[in-house]
Structures are given as structure tokens and as C-alpha cells.
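For reference, the chains in residue letters:
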Amino acid sequence: MADIAFLLLIFFLVATTMNVDTGLVRVLPPMPDPNVKQEDIKIKERNLFLVFVSGNGNIMAGGQVIDIHQLKDKTKDFILNRFDDPNLPEKEVVEIEMPNGSKWAYPVSQGVVSLQTTRDTGYQVYIMVQNELTRAFNEVRDEVSLVRFGRKFGELQEEESKVITKAVPLKISEAEPRNMGKK
């Protein structure tokens, strides 16, 4: 009996597939300098794009209630600030080292997208919002890459993609989820 139970156990271990959890692919920023207090890091209000997702799936971005399909375009408008709107993020001209050794001066957006949810926000809605925000940054990178190198960001060589990543850094900050409702 023990041999049969052992063989059945081995059979089920070999024949069974395990579900693999998937997550968001993110490169975390480096640890902050221990000599710099967190309170010292200030972001101007115009450089902050607040995205709030409620438990019932409503999205508020930039002070307006919007649909998930509008989020990408709103985020792109914020990042690019094409018309130098004083209510949208500042730009700082940064000299970026090119793979051939030359320098490229590019106005890098100082904008940060701040995502905040409630504790009862559904995982599916959260992932959809994250995807739209990431898609906005990827489309901006594609646009800059096409102008600079004539190819989309995904088609660049490693050195070229580092240049575009410096020109359009992925700046998504996540705030701690809020408790909504009665205490």
C-alpha cells in the first residue's frame, strides 16, 4: 500500500502544473542617501500629477474624474508639456552622453506621476492604471527615440536605450493606500 501511495504522489507531483504569479516589471530606484532626510525632498506642485483610484474603480487624474482610456493621453500631455504651460511640469536641459561620445542637450521633464489607491481598490483596476501610466511613458520614449535615432525605443541597442531612458525617465511614485470609510 505504501508503495502505491508513493507512486501516486510522485505521479501527481510530476503531472501537476503550478500557477506562476505574475507581477509588474519594475526596476526599483537606488536606496536614498542616508544623510538626506526624506522631508528635504520637495517636489513643486506643478511637477506632480496626482492619480487617485477609488475602491469602485473611479479614477481622478490632475483634479478631474476621467475614464481609464483617457489616462494615457493625460499623462503624456503632463510629461511632455509641449507648450510650456506654467501649470505643467518644468523642464531642465540635461546634457546626455551619446554612444558616439558626443553630447545631446535635451529638456528633461521634472514631472512625477503619483499614484494613490484606497485599500479596497481591486487588483485588476490597479494593474490597468499601472499599464496605462507605463504605456504613456513608453509612447513618449518611442516619440523621442524616433526623432533622435529613427527607430522605436524597443528597437534600440542597449547604449541608445540608456540615452532615451535618461531623456525620459520613468517617474511613477506610489503613495500608501488610503483607508476610506468609517473608522
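Residues numbered from 1 in each chain as written. Predicted model: local features only at pLDDT ≥ 70, side-chain atom pairs only at ≥ 80, totals over all residues. Heavy atoms only, no water.

Colleague: Explain the pairing of strand S5 (residues 103-109) here, please?
Modeller: Side-chain positions along a regular strand alternate between the two faces of the sheet. Relative to S5, strand S4 (residues 91-97) is paired through 7 bridges, and the arrangement is antiparallel. Bridge pairing in S5 links Val 94 to Tyr 106. (Pairing = 2+ DSSP bridges. Helix = DSSP H or I, 4+ residues; strand = E, 2+ residues; numbered from the N terminus.)

Colleague: Would you take a moment to explain the nonpolar core for this structure?
Modeller: Where a protein is soluble and globular, its nonpolar side chains tend to be buried together. Counting 32 residues, the largest nonpolar core has Val 51, Leu 71, Trp 104 and Val 129 as its most contacted members. Elements with a minimum of two residues in this core: strand S1 (48-53), strand S2 (59-61), helix H2 (68-80), S5, strand S6 (112-117), helix H3 (123-149) and helix H4 (158-167). Per-element accounting of this core gives the leading share, 8 residues, to H3. Dropping the residues within four chain positions of it, Leu 71 is found in contact with Val 51, Ala 61, Ile 66, Val 129, Glu 132 and Leu 133. (Core = buried A, V, L, I, M, F, W, Y, C linked by side-chain atoms within 4.5 Å. Buried < 20%, exposed > 50% of the residue type's maximum accessible area, 1.4 Å probe, protein only. Contact = heavy atoms within 4.5 Å.)

Colleague: Help me understand the packing of aromatic side chains in this model?
Modeller: Between two aromatic rings, the relevant description is the distance of the centres plus the angle of the planes. Within this structure, the stated rule accounts for 4 aromatic pairs. Look at Trp 104 and Tyr 106: their rings are 5.0 Å apart centre to centre, the planes differ by 40°, and that puts the pair in the tilted class. Among the residues examined, Trp 104 registers a relative accessible area of 12% and is labelled buried. Above the ring of Phe 153, the side-chain terminus of Arg 141 is found at 5.3 Å from the ring centroid. (Phe/Tyr/Trp six-rings, centres within 6.5 Å; stacked < 30°, edge-to-face > 60°. Lys NZ or Arg CZ within 6 Å of the ring centre and 35° of its normal.)

Colleague: Looking at this structure, I do not really get a nonpolar patch on the surface. What am I missing?
Modeller: On the surface, Phe 6, Leu 7, Leu 9, Ile 10, Leu 13 and Val 14 cluster together to form a nonpolar patch covering roughly 650 Å² of accessible area. Assignment of secondary structure puts Leu 13 in helix H1 (residues 2-15). (Patch = residues over 30% accessible without salt bridge, like charges linked within 9 Å, V, L, I, M, F, W, Y side chains within 5 Å. Areas by Shrake-Rupley, 256 points an atom, 1.4 Å probe, with all protein chains shown as cover. Salt bridge = Lys/Arg side-chain N within 4 Å of Asp/Glu carboxyl O.)

Colleague: Explain the packing of H2 against H3 here, please?
Modeller: How two helices sit against one another is set out by the angle between their axes and by the gap between those axes. In the contact formed by H2 and H3, the axes pass within 8 Å of each other and the chain directions differ by 45°. When the interaxial angle is binned, H2 and H3 end up oblique. Where H2 crosses over H3, the handedness of that crossing is right-handed. Contacts between H2 and H3 involve Ile 68, Leu 71, Lys 72, Thr 75, Lys 76, Ile 79 and Leu 80 from the former and Met 128, Val 129, Glu 132, Leu 133, Arg 135, Ala 136, Phe 137, Glu 139, Val 140 and Glu 143 from the latter. (Axes fitted to C-alpha atoms, helices over the stretch in contact; angles between N-to-C directions. Parallel < 35°, antiparallel > 145°, perpendicular 65-115°, else oblique. Left-handed = near helix turned anticlockwise from the far one by under 90°.)

Colleague: Explain the sheet that holds strand S7 (residues 172-174) here, please?
Modeller: The strands that make up a sheet pair up through hydrogen bonds in the backbone, lying either parallel or antiparallel. If you walk across this open sheet you meet the 5 strands as S3-S2-S1-S6-S7, and the pairing is mixed. Looking at the sheet topology across the chains shown, the edges are occupied by strand S3 (64-66) and S7. On average, each strand axis in the sheet is tilted by 25° relative to the strand beside it, whichever way the strands run. Here S1 pairs with S6 via 6 bridges, running parallel. Counted as the bridge partner of Val 51 is Leu 115 from S6. H3 contacts S1, S2, S6 and S7 of the sheet and is inclined by roughly 175° relative to S6.

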